[in-house]
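Breakdown of the fold
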Amino acid sequence: MNHKSKKLALTAAVALAMVSMGTGMAQAADAAPEAKPDNEISFNAAITSDYRYRAISQTRLKPALQGGADWVNNPTGFYAGVWGSTIKWIKDGGGDASVEVDVYGGKRGEIAPGVSYDVGFLAYIYPSNDLNPSANTREVYGQVGYGPATLKYSHSLSNLFGFADSKHSTYIDASVNQDLGDGYVLNLHVGRQKVKNSSFYSYTDWKVGVTKDLGFAALSLAYIDTNTENYLAPNGKKLGKAGAVLTLSKTF
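About the cut-offs
Residues numbered from 1 in each chain as written. Predicted model: local features only at pLDDT ≥ 70, side-chain atom pairs only at ≥ 80, totals over all residues. Heavy atoms only, no water. Helix = DSSP H or I, 4+ residues; strand = E, 2+ residues; numbered from the N terminus. Buried < 20%, exposed > 50% of the residue type's maximum accessible area, 1.4 Å probe, protein only. Areas by Shrake-Rupley, 256 points an atom, 1.4 Å probe, with all protein chains shown as cover. Phe/Tyr/Trp six-rings, centres within 6.5 Å; stacked < 30°, edge-to-face > 60°. Lys NZ or Arg CZ within 6 Å of the ring centre and 35° of its normal. Patch = residues over 30% accessible without salt bridge, like charges linked within 9 Å, V, L, I, M, F, W, Y side chains within 5 Å. Salt bridge = Lys/Arg side-chain N within 4 Å of Asp/Glu carboxyl O. Pairing = 2+ DSSP bridges. Axes fitted to C-alpha atoms, helices over the stretch in contact; angles between N-to-C directions. Core = buried A, V, L, I, M, F, W, Y, C linked by side-chain atoms within 4.5 Å. Contact = heavy atoms within 4.5 Å. Lys, Arg positive; Asp, Glu negative; His and termini not counted.

**Here's the deal with the overall build of the protein**
The secondary structure content of the protein amounts to three helices and 14 strands. For the protein, buried positions account for 33% of its 252 residues. Here the protein displays about 14,300 Å² of accessible surface, and carbon together with sulfur accounts for 62% of that area.

Structure below.
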């Protein structure tokens, strides 16, 4: 039984005891929503068989270790976080960085009942990457959501991941994360990366996957593909080729 199930079982037992005592308070307890603290901090960790970002492998089709931390202010919807992953593509490109560090912040909430929004800023940092142009990238983004579906637009404020003269590159993507019941979630995604002044490296990507809540962690399996063969590792491997990615993650 996972933590959530244990909590529900305990709540039910307490309510039953209150009814048997004739207090009449069970209904009031059931009606009261669980209060969230104003500020919440969470941490996450994951191991994945291949770190794919916008469907392009960042690890030469090999595994990666990942982790991060998030803060959110519930009354306002403001949030900030940091996340990192091991990578290989910087060294493959002649640079000298083996990790990616993302720093981000923004605000999310509801436009109308059932319609969500999320706007923010994201910096991708590759410490001492030594590439020219630098691989460090800054983006702003905006997202709207309805039910399990989201539509997101990202716009680079700098050169995009080391591509020369690529400021104002864009990425637009649509995702659906549909609850299938019994801890399963269907993950669907399609996106279009446009690299400014470099149509050769622009491409479309898509994903079909499923995530299972195991209680102690989440396990996801996804089939990922693109329509480009122009992203290559030094050994000639196609970094955007179709493949299955398995990820085990934990938030705490």
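From this point, the discussion proceeds with the structure in view.
**Thoughts on the packing of aromatic side chains**
In total, this model carries 11 aromatic pairs according to the counting rule given. Geometrically, the ring pair formed by Trp89 and Tyr126 is edge-to-face, given 5.4 Å between the ring centres and 80° between the ring planes. Of the two residues, Trp89 is situated in helix 3 (residues 89-92) and Tyr126 in the loop between strand 7 (115-125) and strand 8 (137-146); the sequence distance between them amounts to 37 residues. We classify Trp89 as buried; its relative accessible area is 18%. The exposure class of Tyr126 is buried, given its relative accessible area of 1%. One aromatic cluster is present, formed by Phe163, Phe200, Tyr201, Tyr203 and Tyr231 through successive ring pairs. The ring centre of Tyr79 lies 4.5 Å from the NZ or CZ of Arg108, which sits over that ring. It is Lys152 that lies over the ring of Tyr141; its NZ or CZ is 4.7 Å from the centre.

**As for a nonpolar patch on the surface**
Where nonpolar side chains cluster on the molecular surface, the patch consists of Ile47, Leu65, Leu180, Tyr184, Val210, Leu214, Phe216, Leu219, Leu221, Leu246 and Leu248 and spans about 960 Å² of accessible area. Secondary structure elements with two or more residues in the nonpolar patch: strand 13 (218-226) and strand 14 (243-251). By the secondary structure assignment, Leu248 is in strand 14.

**Points about the sheet that holds strand 6 (residues 99-112)**
In any sheet, the strands associate via hydrogen bonds between backbone groups, in a parallel or an antiparallel arrangement. Spatial strand order, 1-4-5-6-7-8-9-10-11-12-13-14: 12 strands in a closed barrel with antiparallel pairing. Mean inter-strand twist for the sheet, computed between neighbouring axes without regard to direction, equals 20°. The pairing of strand 4 (residues 64-73) with strand 5 (residues 78-86) spans eight bridges and is antiparallel. Bridge assignment links Gln66 to a residue of strand 5, and that residue is Ser85.

**Observations concerning the pattern of salt bridges**
All told, the structure shown has four salt bridges when counted by the stated rule. A salt bridge links Glu139 to Arg54; its shortest N-O distance comes to 2.9 Å. Of this pair, Glu139 sits in strand 8 while Arg54 sits in the loop between strand 2 (52-53) and strand 3 (56-57); the two residues are 85 residues apart in sequence, bridging distant segments of the chain. For the pair shown, Glu139 and Arg54 are each scored as buried. Here Arg60 makes a salt bridge to Asp92, at a shortest N to O gap of 3.0 Å. One end of the pair, Arg60, is in the loop between strand 3 and strand 4; the other, Asp92, is in helix 3, and 32 residues separate them in sequence.

**Focus on the nonpolar core**
Within the largest apolar cluster, 23 residues are counted, with the highest numbers of intra-cluster contacts made by Ile87, Trp89, Ile90, Tyr126, Phe161 and Tyr231. Those elements giving two or more residues to this core turn out to be strand 4, strand 5, helix 3 and strand 7. With residues near it in sequence (within four places) discarded, Trp89 still touches Gln58, Tyr126, Leu131, Ala135 and Phe161.

**Here we look at the side chain of Asp173**
Among the structural elements, Asp173 can be located in strand 10 (residues 170-181). There is no salt bridge for the buried Asp173, and the closest opposite charge comes from Lys152, which lies 5.8 Å off by N-O distance. With near-sequence residues (within four places) excluded, Asp173 lies in contact with Thr150, Leu151, Lys152, His189, Val190 and Gly191.

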